[in-house]
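Coordinate analysis (summary)
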Amino acid sequence: MDERSALGLIAEHLDPAGDDAAVVDGLVVTIDMLHESTDFPPGTTRYTAGWRAVGASLSDVAAMGGEPTAAVAVYGAPTFDGEEITAFVDGARDVCAAVDGAYVGGDLDEHDELTVATAAVGRADDPVLRSGASPGDIVCVTGTLGRSAAALGFFEAGEYERANDLFRFEPRVAAGRALAAYASAMMDSSDGLARSLHQLAEASDVGFAVESPLPIAEALSEVADPDERQELAVSFGEDFELVCTIPEEKLDAAREASPTEISSIGRVTAEGEITLDGEPLPDRGYTHGESA
């Protein structure tokens, strides 16, 4: 059973499952797990690991239109090195501070590789779900796509300072809170644009017609050939941008409200098909447990 099938099985047995975070009495709650072998390429600093791991959970809060309150992490490693632990905590604390949240601690455990489990809690009086998209809505993304794919290229080239800088994304909390007043559906792009669109389509029972050009990170041009860039931007994942649908009459107001640039990339359709430039867009993207 692959990850998507396992998630589908859980959703069949647990009614609240299916969005980026669970909603409980005005709170949004989420949890994530990352491993060195699949999520932290060689050259990733412990500071970046702390930032990125906690940032992944904060991104889920952002995708619900929530305001982050606090985050915690479980840090597992073969040995406990004081400098590495301190750097990890500094990264976790700094990414929380960047979105006006707080890192409040966690737990330590021995493990055969660096493994981090993170959880975040936030507040959302009117959370944005994945299930509200309607035909005619505009499909939008924040920022640019392909940042993490570019980072991997720099890691592989041994350009670790540049790679770590790209890996430390800022969770789109401010944009998520602004867009919550306008978006009909929203999620983050941690699994890639293509997979996000398939997940939104399934939740909302709609289709999507997406058109080029897509907003692609400039750094990707430094590590990928022109014919590879769009594929990486669409399916690599781990960018933690927001993918949302917005009624057309609200688009201008949403753009004005968002502190992060948003790009319109297509429309919601009544048919269940997902297309890019008129061609079927397969459901492919990041899968947990597989190396990038």
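Under an unreviewed UniProt entry, the name given to the protein chain is Thiamine-monophosphate kinase, and the organism recorded is Halorhabdus utahensis. According to the UniProt record, the Catalytic activity (unreviewed entry) comment for the protein chain reads "thiamine phosphate + ATP = thiamine diphosphate + ADP". Listed in UniProt under the heading Sequence similarities (unreviewed entry), the comment for the protein chain reads: "Belongs to the thiamine-monophosphate kinase family."

Our focus in this paragraph is unusual backbone geometry. A cis amide bond links S212 to the next residue, P213, at an omega of 0 degrees. Residue placement: P213 occurs in the loop between β8 (207-210) and α9 (226-235). Even without being glycine, F240 reaches a positive phi, approximately 60 degrees. Counting through the fold element by element, F240 comes out in the loop between α9 and β9 (242-246). Since its relative accessible area comes to 4%, F240 is described here as buried.

Let us look at helix α6 (residues 160-167). Of all the residues in α6, the buried ones are A163, N164, L166 and F167. For α6, the angular spread of buried residues about the axis comes to 160 degrees, placing them on one side.

Next up on the list: the UniProt feature "domain: PurM-like C-terminal" (unreviewed entry) in the protein chain. Per the UniProt record, "domain: PurM-like C-terminal" (unreviewed entry) is annotated on residues 135-276. Across residues 135-276 one finds 38% helix and 20% strand; the C-alpha atoms that close the span lie 17 Å apart.

Quick look at the environment of Y47 now. Position of Y47 among the secondary structure elements: in helix α3 (residues 46-63). Exposure remark for Y47: the relative accessible area of 25% places this residue in the partly exposed category. For the pair Y47 and N164, spaced 117 residues apart in the sequence, the C-alpha separation amounts to 9.1 Å. The contacts of Y47, once residues within four sequence positions are left out, are A87, F88, D90, G91, D94 and R168.

What the seven strands build is an open sheet, ordered β7-β9-β6-β10-β8-β11-β12; its pairing is mixed. The open sheet is flanked by β7 (185-188) and β12 (279-280), the only strands paired with a single partner. Of the pairings in the sheet, the one linking β8 to strand β10 (residues 262-269) comprises four bridges and is antiparallel in character. Bridge pairing in β10 links F208 to V268. On the sheet, α3 packs against β7 and β9 and is oriented at approximately 175 degrees with respect to β7.

Okay, the packing of aromatic side chains next. On inspection of all chains with the given rule, the structure shows five aromatic pairs. Ring geometry for Y47 versus W51: centroids 6.3 Å apart, planes at 40 degrees, classification tilted. Taken together, the residues span about one helical turn, with Y47 and W51 both in helix α3 at a distance of four residues. Judged by centre distance (6.4 Å) and plane angle (40 degrees), the rings of F155 and Y160 are tilted. The exposure class of F155 is buried, given its relative accessible area of 4%. Given the relative accessible area of 39%, Y160 is considered partly exposed. Taken together, the aromatic side chains of F155, Y160 and F167 make up a single cluster linked through ring pairs. The ring of F167 carries R52 above its face, with NZ or CZ at 3.7 Å from the centroid.

Core analysis: the largest hydrophobic core is formed by 43 residues, its most contacted members being V54 and I246. Ranked by the residues each element gives to this core, the list is headed by α3, at eight residues. Residue-level mapping places this core at the junction of two domains, with at least three residues from each of domain 1 (3-123) and domain 2 (137-280). Once residues within four sequence positions are removed from consideration, V54 is found in contact with A71, A92, V95, C96, Y103 and T118.

You can read the domains of the protein chain as domain 1 (3-123) and domain 2 (137-280). Taken over C-alpha atoms, the centre of domain 1 sits 21 Å from the centre of domain 2. At the interface, 26 residues of domain 1 touch 24 residues of domain 2. Buried surface at the junction of domain 1 and domain 2, summed over both partners, amounts to about 2,200 Å²; 57% is from carbon and sulfur atoms. Scanning the region where domain 1 abuts domain 2 turns up two salt bridges. A salt bridge links E67 to R177, with the shortest nitrogen-to-oxygen separation between them at 3.6 Å. Viewed at the interface, domain 2 and domain 1 are joined by ten residue pairs in polar contact (both at pLDDT 80 or more). Broken down by secondary-structure element, the contributors of at least two residues to the side of domain 1 that touches domain 2 are α3, β3 (67-77) and α4 (82-98). The element contributing the most residues to the side of domain 1 that touches domain 2 is α3, with eleven residues. When its residues are assigned to classes, the side of domain 1 that touches domain 2 shows twelve nonpolar, eight polar and six charged.

Cut-off values and rules
Residues numbered from 1 in each chain as written. Predicted model: local features only at pLDDT ≥ 70, side-chain atom pairs only at ≥ 80, totals over all residues. Heavy atoms only, no water. UniProt positions renumbered as here; feature names shortened; annotations may be inferred. Helix = DSSP H or I, 4+ residues; strand = E, 2+ residues; numbered from the N terminus. Buried < 20%, exposed > 50% of the residue type's maximum accessible area, 1.4 Å probe, protein only. Arc of directions from axis to C-beta. Contact = heavy atoms within 4.5 Å. Pairing = 2+ DSSP bridges. Axes fitted to C-alpha atoms, helices over the stretch in contact; angles between N-to-C directions. Phe/Tyr/Trp six-rings, centres within 6.5 Å; stacked < 30°, edge-to-face > 60°. Lys NZ or Arg CZ within 6 Å of the ring centre and 35° of its normal. Core = buried A, V, L, I, M, F, W, Y, C linked by side-chain atoms within 4.5 Å. Domains from an automatic or database assignment. Buried area = accessible area lost by both parts, 1.4 Å probe. Salt bridge = Lys/Arg side-chain N within 4 Å of Asp/Glu carboxyl O. Polar contact = N/O pair within 3.5 Å; in protein donor to acceptor, adjacent residues only side chain to side chain. Nonpolar A, V, L, I, M, F, W, Y, C, P; charged D, E, K, R; others polar.

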